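# Per-entry structural report
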Amino acid sequence: MKTLVTGGAGFIGSHLCEALLERGDDVICLDNFVTGSSTNILHIMDNPRFEFVFGGVETALSIPKADRVFHLASPAGPSMIQSHPAMTELVNSEGTKRLLRDFNAKDVLFVSTVKVHGDCERVQPYISGKRSGEQACMEAGAKVARLGNVYGPGMAADDSRVVPVFIRRALSGEPLSLWNGGEQTDSFCYVSDIVRGLIAFMDSDETGVMEMGNPEATSIRELADLVISLTGSSSRIITNENVLVAEECHKVPDIRRARERLGWVPGVALKDGLSIMIESMKERKKGQHEPVSGRRGNPPDDHRHEGRGVHPPRDKKGDQTGRKARMAARFRFPPRMCQRSL
Ligand SMILES: NC(=O)c1ccc[n+]([C@@H]2O[C@H](COP(=O)([O-])OP(=O)(O)OC[C@H]3O[C@@H](n4cnc5c(N)ncnc54)[C@H](O)[C@@H]3O)[C@@H](O)[C@H]2O)c1
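What comes next concerns the included structure.

Cut-off values and rules
- Residues numbered from 1 in each chain as written.
- Predicted model: local features only at pLDDT ≥ 70, side-chain atom pairs only at ≥ 80, totals over all residues.
- Near = placed C-beta within 6 Å.
- Helix = DSSP H or I, 4+ residues; strand = E, 2+ residues; numbered from the N terminus.
- Nonpolar A, V, L, I, M, F, W, Y, C, P; charged D, E, K, R; others polar.
- Pairing = 2+ DSSP bridges.
- Axes fitted to C-alpha atoms, helices over the stretch in contact; angles between N-to-C directions.
- Contact = placed C-beta atoms within 7 Å.
- Expected span 1.5 Å × (residues − 1).
- Buried ≥ 20, exposed ≤ 12 C-beta atoms within 10 Å, placed from the backbone.

A word on the site of the ligand. Looking at the ligand, there are 29 residues lining it, with Gly-7, Gly-10, Thr-35, Gly-36 and Ala-73 nearest. Put simply, the parts of the chain that give the shell around the ligand at least two residues each are helix 1 (11–22), strand 2 (26–31), helix 3 (85–92), strand 5 (108–113) and strand 7 (149–151). The element that contributes the greatest number of residues to the shell around the ligand is helix 1, accounting for 3 residues. Here the residues of the shell around the ligand are counted per class, giving 16 nonpolar, 11 polar and 2 charged.

Structure below.
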């Protein structure tokens, strides 16, 4: 089975590529590195069943041939969306339509967001792009996975979403600031649960919309308290910022359909997932090579599900030159770009 993952060098996409390789798929990753990074996929570059193609979904001369496609390519964090508004809209609208022309609709899984029907002013190009992509998928009979917030190792170091921001600040002893007293709620799902859900959806005969994520709401204050306690940080909590936030921007996914049709429910408790992510961010902060289990985030044994297994050991630090050469040889982009992105 040959599987194309657009946005495969991003946070969720790189975990998905790993999981697909682990179960024996051939995987092609199409990415333009606008928000993702080569470091997310370095550890799978040596796998002979993995191929990287540099390019934008909406702009590439051609889309690599495969049996099916997971379409994740899109800036996702608010600051990245605001930096790339046109691309965000296009990759979700025109990019999705392009994939629907190249693949059978039932083999296309478009990753959308539960915020799609909200009124999230700050990320308008994102919402309208996702709406347009969803509509095209519904008309064609493809699969749409609407995700709630996802967190875990591999999120960009400067990601502006609340979980990495809180952990970063707690590890540096900086204050954690809560909007509106931190009473608003949101939901947070560990990345390996989402990857398992996406694969189960693709493997099934189901089409249409499937919402996935943590169905339990957590207040932002609870999240801040948990991060401070798990990091043992001396950070203070500040609650003096008042911001008008539309309620739909914090929508909790309705996972009833995913549970009934796919037997999917998330299994990693917030406390456990945060602990893994904190360890991973500590390692990154120290500037060391992150341990395999820490960076990619294998959850504790009692939370494991099939398909979430171990990850191949990474090269030793001194092997960077060899890596660059291998990337240049295997990636379809010029060596100069490899060197810059490394
Ligand atoms: N992380 C979440 O909490 C969350 C929640 C709901 C939905 N999603 C969706 O999941 C998908 C992945 O999100 P993520 O958090 O991993 O984001 P990410 O930014 O880490 O990954 C997105 C990847 O897509 C690539 N990309 C962006 N535009 C592209 C283009 N035009 N052509 C090719 N590649 C492109 C980026 O370089 C990056 O590698 C996105 O579609 C996002 O909307 C994420």
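With that settled, the discussion passes to the sheet that holds strand 6 (residues 143–147). Within the open sheet, the 7 strands sit side by side as 3-2-1-4-5-6-11. Their pairing is parallel. Each end of this open sheet is capped by a strand with a single partner; those strands are strand 3 (50–54) and strand 11 (208–212). Averaged over all adjacent pairs, the angle separating strand axes in this sheet is 20°, with direction ignored. Taken together, the 5 bridges between strand 5 and strand 6 define a ladder with parallel strand orientation. Bridge assignment links Leu-109 to a residue of strand 6, and that residue is Lys-143. Along the sheet, helix 5 (residues 124–140) contacts strand 5, strand 6 and strand 11; its crossing angle with strand 5, the most-contacted strand, is approximately 145°. Taken strand by strand, helix 7 (residues 191–203) contacts strand 4 (68–71), strand 5, strand 6 and strand 11, and its axis lies near 165° from that of strand 6.

Under the 1.5 Å per step criterion, the end-to-end length of helix 1 is 17 Å for 12 residues, consistent within 8% with the ideal 16 Å. Where burial is concerned, most of helix 1 is hidden: 10 out of the 12 residues are buried. Listed as buried for helix 1 are Phe-11, Ile-12, Gly-13, Ser-14, His-15, Leu-16, Cys-17, Glu-18, Ala-19 and Leu-20. A positive phi of about 105° marks Gly-24, the residue just after helix 1.

The next thing to look at is helix 10 (residues 270–286). The first and last C-alpha atoms of helix 10 sit 24 Å apart over 17 residues, in line with the 24 Å expected at 1.5 Å per residue. Every buried residue of helix 10 is accounted for by Leu-270, Gly-273, Leu-274, Ile-276, Met-277, Ile-278, Ser-280 and Met-281. Just beyond helix 10, the residue with positive phi is Gly-287, at close to 75°.

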